[in-house]
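# Tertiary structure, described
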Amino acid sequence: MAAPANQRDVYPRCVSLARAPRRPACCLEIHMKRWLAAVAAIIAILLFSPGGPEAKSSRWGKDYFPNVDVVTQNGERVRFYDDLIKDRIVLISFIFTSCTDLCPLTTARIAQVVDRLRDEIGKNIFVLSITVDPENDTPEKLKTFADAFYSGPGWTFITGKPEDIRAINSKLGNKSDVATQHRNEIVLGNDKTGEWTRNSPFADLENLELAIRDMDPDWRDSRHVPQDALAANHDPQDLTIGREPGQVLFKKICAPCHTVGVTDHIGPDLLGVTDRRDRLWLSEMIMHPARLRAKKDPTLAELDAKYKGVRMPNLGLSASDASDLISYLATRTAQINELRAQPEEQHLHTAQGGAHHEHK
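### Examining the sheet that holds strand β1 (residues 69–72)
Reading across from one edge, β2-β1-β5-β4-β3-β6-β7 is the order of the seven strands in this open sheet, with mixed pairing throughout. Each edge of the open sheet is held by one strand with a lone partner, namely β2 (77–79) and β7 (195–199). Taken over all neighbouring pairs, the strand axes of this sheet differ in orientation by 30 degrees on average, direction set aside. Alignment of strand β6 (residues 186–190) against β7, held across five bridges, turns out to be antiparallel. The residue of β7 that forms the bridge with Val 187 is Arg 198. Strand contacts of helix α5 (residues 162–171): β1, β3 (89–95), β4 (125–131) and β5 (155–159), with the helix running at about 125 degrees to β4, the strand carrying the most contacts. Across the sheet, helix α6 (residues 205–213) touches β3, β4, β6 and β7, and the angle it forms with β6 is around 30 degrees.

### Considerations on helix α4 (residues 139–147)
Restricting attention to buried positions, one finds in α4 the residues Pro 139, Leu 142, Phe 145 and Ala 146. All buried residues of α4 project into a common sector of 125 degrees when viewed along the axis, lining one side. Next to the buried residues of α4 lie β1, β3, α3 (103–116) and β5.

### Topic: the packing of helix α11 (residues 279–287) against helix α14 (residues 319–341)
Contact geometry for α11 and α14: axes closest at 9 Å, N-to-C directions at 120 degrees. Classified by the angle between their axes, α11 and α14 sit oblique to one another. Both α11 and α14 take part in a crossing whose hand is right-handed. Residues Arg 279, Leu 282, Ser 283, Ile 286 and Met 287 of α11 form the contact with α14, whose own contacting residues are Ala 319, Ala 322, Leu 325, Ile 326 and Ala 330. Within the contact of α11 with α14, the residues separate by chemical class into eight nonpolar, one polar and one charged.

### Digging into the side chain of Asn 190
When you line up the elements, Asn 190 lands in strand β6. Taking relative accessible area as the criterion, Asn 190 reaches 4% and is therefore assigned buried. Once residues within four sequence positions are removed from consideration, Asn 190 is found in contact with Arg 88, Ile 89, Glu 195, Trp 196, Met 215, Asp 216 and Pro 217.

### Description of the pairing of β3
Among the seven residues of β3, seven are classified as buried, and the element is accordingly described as predominantly covered. Bridge count for β3 against β4 is seven bridges, and the pairing is parallel. Bridged to Ile 95 within β4 is Thr 131. Once you follow β3 into α3 and on to β4, the crossover reads as right-handed. Two elements, β3 and β6, share four bridges in a ladder whose sense is antiparallel. Bridge pairing links Ile 89 to Asn 190 in β6.

### Some thoughts on the pairing of β5
Burial analysis of β5 places five of its five residues in the buried class, the great majority of the element. Alternating positions in β5 separate into two faces, Trp 155, Phe 157 and Thr 159 on one and Thr 156 and Ile 158 on the other, with burial throughout. The pairing of β1 with β5 spans two bridges and is antiparallel. Looking at the pairing, Thr 72 lines up with Ile 158 of β5. As paired elements, β4 and β5 share four bridges and run parallel to each other. Its bridge partner lying in β5, Val 127 is registered against Trp 155.

Calculation notes
- Residues numbered from 1 in each chain as written.
- Predicted model: local features only at pLDDT ≥ 70, side-chain atom pairs only at ≥ 80, totals over all residues.
- Heavy atoms only, no water.
- Pairing = 2+ DSSP bridges.
- Helix = DSSP H or I, 4+ residues; strand = E, 2+ residues; numbered from the N terminus.
- Axes fitted to C-alpha atoms, helices over the stretch in contact; angles between N-to-C directions.
- Contact = heavy atoms within 4.5 Å.
- Buried < 20%, exposed > 50% of the residue type's maximum accessible area, 1.4 Å probe, protein only.
- Arc of directions from axis to C-beta.
- Parallel < 35°, antiparallel > 145°, perpendicular 65-115°, else oblique.
- Left-handed = near helix turned anticlockwise from the far one by under 90°.
- Nonpolar A, V, L, I, M, F, W, Y, C, P; charged D, E, K, R; others polar.
- Right-handed = clockwise from strand over helix to strand, strands pointing away.

As structure tokens, this is what we get:
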């Protein structure tokens, strides 16, 4: 996983366009999209928060959540409300360990957010991932799955009696008894203030981080918005989209688990993968990993054994998408290899998104 981006406060506010520096239309359009996304998050919070930040009358509280026994990935038996929700700010997701679709990607995206909030996780903000397949998800399976994404404090994966887990999930809006039909969303809440809202793990990471931090009234009260937060000091290379469509795909669906030229993480680093693997195999892996697994493909079996707990999900990508991704990986590998071949004093370190700075 690439290192977290610099945290910038982009909380929406009124900006005088007369005083704002002139920028390319594409940058203004991207800023507007970020502004609208942040506004949408705030509206959602207001809609789900009866009475505002200090509301105590929310129906979501001790009399709403089942205070049943659940079991964590470490085999600890705890009470759901008393030990995991009471007086806490929480981010809640729904997963099951045998998922071959979005669960691994959703959890990887949450791991990226956790990296951005690492100073708060386990102290002021807590993460819960609740199985939707309690019949099969044992604490041992949850532990293997959890360790693939995060090993620090503050993120709890839970299972329990099927009837208890379903009762909890139903209260959180996930009412389907079919694991593959669970909601691919996250729930954000502050039990102390009664604020609850929903969000998407695939939202812009910066806006998602802000939405979580904004559940804390102390953070809201102490926040200082820089005068140039939306109007200046943004590197255009941070805001423009690369020419290669494969780069956009990689950032959105691959970067949560993979890097190129950094290190193995949730999945393998992909530097040179287009040289090591046959392109037909890569296309099949990108489009139909379950089909390869059903064929007992030896290469995939080796990867499954090495990266336990997480399997490449079926993302519904087309042949064109696969071709774009492979092209991007080949181009990125060539760029990195060219840079590494230069004398050390001439290196230009190129970031995952294409930005670069001179190595002194």
